[in-house]
Amino acid sequence: MRYGRGRQIPDAEGDMTPMIDMTFQLIAFFMILINFSEGDQNQLIRLPASELAKPPDTAPAYPITLQMTSKGTVFYGVEEYTLDGIVPILLVEKQLVERRGGDYRDTTVIIRADRYAKTGRVQELIRTCQSVGLEKFTLRAKQEST
């Protein structure tokens, strides 16, 4: 038996195109399914249940989400404010809408009040928003299954 110099076998390289295609398809899939509206929700707020609650037909043009705790303080984003402390924030939001070319009268204030928040405090929050010039409001509640 003779042993000779063997031929060199080239290194095997896999085609990465199908793997890259699948990765981009997964990214597109999850981008479509992600729900950004839950990002505005604070887990400290427990919404009241209501049989009359229903999802809105259309999304508001310029939403401002305010979340009232059972103590009566207001969360805007991750910051907690008193009712008087939220006024400068609302004025800034109003100006931002106008800078974007919108009309601040189209701004909808979404109030997510805790089920144990006092009704009078929610009304004070509405009056505070009205003093700034915001007139459209939506109150959120958890839809009760029948």
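Computed from a prediction, not measured in an experiment: that's the story for all the values here.

Undergrad: What am I meant to see in the packing of aromatic side chains here?
TA: What characterises a pair of aromatic rings is the spacing of the ring centres plus the angle enclosed by the ring planes. Within the structure shown, the criterion is met by one aromatic pair. Taking 5.2 Å as the distance between ring centres and 70 degrees as the angle between the ring planes, the aromatic pair formed by Phe29 and Phe30 counts as edge-to-face. Between Lys94 and the ring centre of Tyr104, over which it is positioned, the NZ or CZ distance is 4.3 Å. The ring of Tyr104 carries the charged tip of Arg105 above its face, separated from the ring centre by 5.5 Å.

Undergrad: Even after reading the chapter, I still don't get the side chain of Thr73, so can you show me in this structure?
TA: Within the element layout of this structure, Thr73 appears in the loop between strand S2 (62-68) and strand S3 (74-76). Its relative accessible area of 18% is what places Thr73 among the buried residues. Here Thr69 takes part through its side chain, which lies 2.8 Å from a polar atom of the side chain of Thr73. Engagement of the side chain of Thr73 in a polar contact is seen with the side chain of Glu80, the distance being 2.5 Å. When neighbours within four sequence positions are excluded, Thr73 is seen to be in contact with Gln67, Met68, Glu80 and Tyr81.

Undergrad: Looking at this structure, I do not really get the sheet that holds strand S4 (residues 79-81). What am I missing?
TA: One key point about sheets: their strands pair by backbone hydrogen bonds, in either a parallel or an antiparallel sense. The five strands are arranged S4-S3-S2-S5-S6 in an open sheet whose pairing can be described as mixed. Single-partner strands in this sheet number two, and they are S4 and strand S6 (136-139). Neighbour to neighbour, the strand axes of the sheet diverge by 30 degrees on average, direction disregarded. Bridge count between S3 and S4: three bridges; the pairing is antiparallel. Within the sheet, the bridge partner assigned to Phe75 lies in S4 and is Glu80. Packing against the sheet, helix H2 (residues 87-99) makes contact with S2, S3, S4 and strand S5 (107-113), and its axis sits at approximately 165 degrees to S2.

Undergrad: Please clarify how the environment of Tyr104 should be interpreted in this entry.
TA: Along the polypeptide, Tyr104 turns up in the loop between H2 and S5. The spatial distance from the C-alpha of Tyr104 to the C-alpha of Lys94 is 5.7 Å, given a sequence separation of 10 residues. If sequence neighbours within four positions are ignored, Tyr104 has contacts with Lys94, Val97, Glu98, Gly133 and Leu134.

Undergrad: Would you mind showing me how to read a nonpolar patch on the surface here?
TA: The grouping of Met16, Met19, Ile20, Phe24, Ile27 and Met31 at the surface amounts to a nonpolar patch, some 650 Å² of accessible area in total. If you trace the backbone, Met31 turns up in helix H1 (residues 17-33).

Undergrad: Sorry if this is basic, but what is going on with the packing of H2 against helix H3 (residues 119-132) here?
TA: The description of two packed helices rests on the angle between their axes and on the distance between the axes. Where H2 contacts H3, the two axes come as close as 10 Å, and the packing angle between them is 45 degrees. As summarised for this structure, H2 and H3 are arranged oblique, according to the angle between their axes. Viewed along their axes, H2 and H3 form a crossing whose handedness is right-handed. Between H2, through Val87, Leu90, Leu91 and Lys94, and H3, the contact on the second element is made entirely by Thr128, Cys129 and Val132. Of the residues assigned to the contact of H2 with H3, the class counts are five nonpolar, one polar and one charged.

Rules and cut-offs
Residues numbered from 1 in each chain as written. Predicted model: local features only at pLDDT ≥ 70, side-chain atom pairs only at ≥ 80, totals over all residues. Heavy atoms only, no water. Phe/Tyr/Trp six-rings, centres within 6.5 Å; stacked < 30°, edge-to-face > 60°. Lys NZ or Arg CZ within 6 Å of the ring centre and 35° of its normal. Helix = DSSP H or I, 4+ residues; strand = E, 2+ residues; numbered from the N terminus. Buried < 20%, exposed > 50% of the residue type's maximum accessible area, 1.4 Å probe, protein only. Polar contact = N/O pair within 3.5 Å; in protein donor to acceptor, adjacent residues only side chain to side chain. Contact = heavy atoms within 4.5 Å. Pairing = 2+ DSSP bridges. Axes fitted to C-alpha atoms, helices over the stretch in contact; angles between N-to-C directions. Patch = residues over 30% accessible without salt bridge, like charges linked within 9 Å, V, L, I, M, F, W, Y side chains within 5 Å. Areas by Shrake-Rupley, 256 points an atom, 1.4 Å probe, with all protein chains shown as cover. Salt bridge = Lys/Arg side-chain N within 4 Å of Asp/Glu carboxyl O. Parallel < 35°, antiparallel > 145°, perpendicular 65-115°, else oblique. Left-handed = near helix turned anticlockwise from the far one by under 90°. Nonpolar A, V, L, I, M, F, W, Y, C, P; charged D, E, K, R; others polar.

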